[in-house]
Amino acid sequence: MAARNRKTIFHIDVNSAFLSWSAVKRLKEDRDSVDLRTIPSAVAGDIDTRHGVITARSIPAKKYGVLTGEPVVKALTKCPELTIVKPDFATYKRYSAAMMKILKTYTSFVEQASIDEAYLDMTGTESIYTAAEDEDAFPLNVATTLKNEIRNTLGFTVNVGISTNKLLAKMASDFEKPDRIHTLYPEEVEEKLWPLPIERLYGCGEATAEKLRSLGVRTIGDAALIDEAVLQSHLGNKAGAYIVRSANGVSDTEVAQAREDAKGYSNEVTLPHDITTDTYDEEAPAVLHALCEKVAQRLAADEVYAQTIGVQIKTDRFVRHSRQMKLADSTNKTDTIYEIASLLMKRLLFGEQGVFSRNSKIRLIGVSATRLDKGLYRQMSLFDL
Ligand SMILES: [Mg+2]
């Protein structure tokens, strides 16, 4: 189980973004065309005059030693058969926006860091995405679903880096590619981060790396263990402190919140006294109904519908459990949300595997509505339980 008081931050990074997006566009236009991702290929401006610079390259091109940022002429000496395509920014913007739209269905805390990168603050969502009996699955389960949804619906792959802060999540997404999920938790820093060359440290520019190497600091681990005052005397106070802190995996910048663009609603309440299996029928329905009504009102006010309804509880031992259900038709109606929430609650609490079977009492109840849409995809069919 993920330790409490820790954040869960994802960094999503499109693999060879410009090249992948160009490849997907070409395949859309002509299904028989060759997939640029499977051959040595690159995106570069100014192809005609050969003065351009490589802005993205395929993994096969990378194997030839083709580098991002190097002149096309140089890349061609390394790999004469390199296929070069022009950038297509209109397409890139479209794919970027489509990806961000998907990411925002997973959490309302999405910070777009560049055209192909975003940070997601997934803290506290385990109760929404993970079944009670399967708590250890979080957050890899959500990362897998998210990564596969992007691949299957948009046609390109991403890496997901997972950690407790943005810096480590970003470093993690840069590990082996493509289509991979990596964790880099603070307890993994020594094993996974420290062996890397110093220039791989995020925020360490080439000039700083050069200075560090001249001081004998070759790996991130070297920087983590050096006396901060020594680094500060060479790099200045701010940069010196940053390098030592970062090399130790310490970072405290927050994922910028985008509340006005919320893509999920939840409401929960701590009960005045614990509910037991005996008092459930008497006390829980009214609380649950009130929560559903609140969520429905917020959905309706924003003119959106939820495809997934979830319930959360916290026991008197402070353990959280949840259940959720994806609906055939999205909804923002109190009655429908309440009907589903009641059903989910019964499944969560009663029966052989239920929370009540473990002699627990309930201290908190919550209802969530996620996977929002504008109602465009609603079918007129009856909801099928
Ligand atoms: Mg990228």
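Quick caveat, the model's predicted, so the values are computed rather than measured.

Cut-offs applied
Residues numbered from 1 in each chain as written. Predicted model: local features only at pLDDT ≥ 70, side-chain atom pairs only at ≥ 80, totals over all residues. Helix = DSSP H or I, 4+ residues; strand = E, 2+ residues; numbered from the N terminus. Buried ≥ 20, exposed ≤ 12 C-beta atoms within 10 Å, placed from the backbone. Contact = placed C-beta atoms within 7 Å. Pairing = 2+ DSSP bridges. Axes fitted to C-alpha atoms, helices over the stretch in contact; angles between N-to-C directions. Parallel < 35°, antiparallel > 145°, perpendicular 65-115°, else oblique. Left-handed = near helix turned anticlockwise from the far one by under 90°. Nonpolar A, V, L, I, M, F, W, Y, C, P; charged D, E, K, R; others polar. Core = buried A, V, L, I, M, F, W, Y, C linked by C-beta atoms within 7 Å. Domains from an automatic or database assignment.

**Things to note about the overall build of the protein**
Thought 1: For the protein, the count of helices and strands is 14 helices and twelve strands.
Thought 2: For the C-alpha atoms alone, the extent of the protein along its principal axes is close to 75 × 55 × 35 Å.
Thought 3: The buried share of the protein, reckoned over its 385 residues, is 38%.
Thought 4: Taking the intrachain contacts of the protein between residues at least 6 apart in sequence as the baseline, contacts between residues at least 24 apart amount to 61%.

**Considering the environment of Ile-313**
Thought 1: Structurally, Ile-313 is set in strand β10 (residues 305-315).
Thought 2: Along the backbone, Ile-313 and Lys-7 are 306 residues apart, and their C-alpha atoms lie at a distance of 20 Å.
Thought 3: Setting aside residues up to four positions removed in sequence, Ile-313 forms contacts with His-321, Leu-348, Val-355, Ile-362, Leu-364 and Ile-365.

**Notes on the sheet that holds strand β6 (residues 117-121)**
Thought 1: Strand order in this open sheet of five strands is β5-β6-β1-β7-β8, and the pairing throughout is mixed. One side of each edge strand has no neighbouring strand; the edge strands of this open sheet are β5 (110-114) and β8 (181-183). Sheet twist, expressed as the average angle between the axes of neighbouring strands with direction ignored, equals 20°.
Thought 2: Judged from the six bridges that link them, strand β1 (residues 9-14) and strand β7 (residues 158-163) form a sheet pairing that is antiparallel. Looking at β7, one finds that Asp-13 is bridged to Asn-159.
Thought 3: Helix α6 (residues 140-154) contacts β1, β7 and β8 of the sheet and is inclined by roughly 160° relative to β7.

**Regarding the packing of helix α11 (residues 228-235) against helix α12 (residues 237-247)**
Each pair of packed helices can be described by the angle between their axes along with the distance between the axes.
Thought 1: Packing of α11 against α12 leaves a shortest axis separation of 7 Å and a crossing angle of 135°. Taken together, the axes of α11 and α12 lie oblique to each other. Viewed along their axes, α11 and α12 form a crossing whose handedness is right-handed. Counting all contacts with α11, which are made through Glu-228, Leu-231, Gln-232 and Leu-235, the residues of α12 involved are Asn-237, Ala-239, Gly-240, Ala-241, Ile-243 and Val-244.
Thought 2: Looking at side-chain class alone, the contact of α11 with α12 contains six nonpolar, three polar and one charged residues.

**Topic: the nonpolar core**
Nonpolar side chains in soluble globular proteins tend to end up buried together.
Thought 1: Ranked by internal contacts, the top residues of the largest apolar core, which has 65 residues, are Phe-10, Ala-42, Leu-120 and Ala-223.
Thought 2: Leaving out residues up to four positions away in the same chain, Ala-42 has contacts with Leu-19, Ile-54, Ala-56, Arg-57, Ser-58, Ala-61, Val-66, Ala-75, Leu-82 and Ile-84.
Thought 3: Counting residues in each nonpolar core, the second largest holds 27 residues, with Ala-296, Ile-337, Val-367 and Ala-369 among its members.

**Looking at the domain arrangement of the protein**
Thought 1: Examined at the domain level, the protein breaks down into domain 1 (9-15 + 90-189), domain 2 (17-88), domain 3 (195-247) and domain 4 (264-373).
Thought 2: Taking only C-alpha atoms into account, the centre of domain 2 sits 33 Å from that of domain 3.

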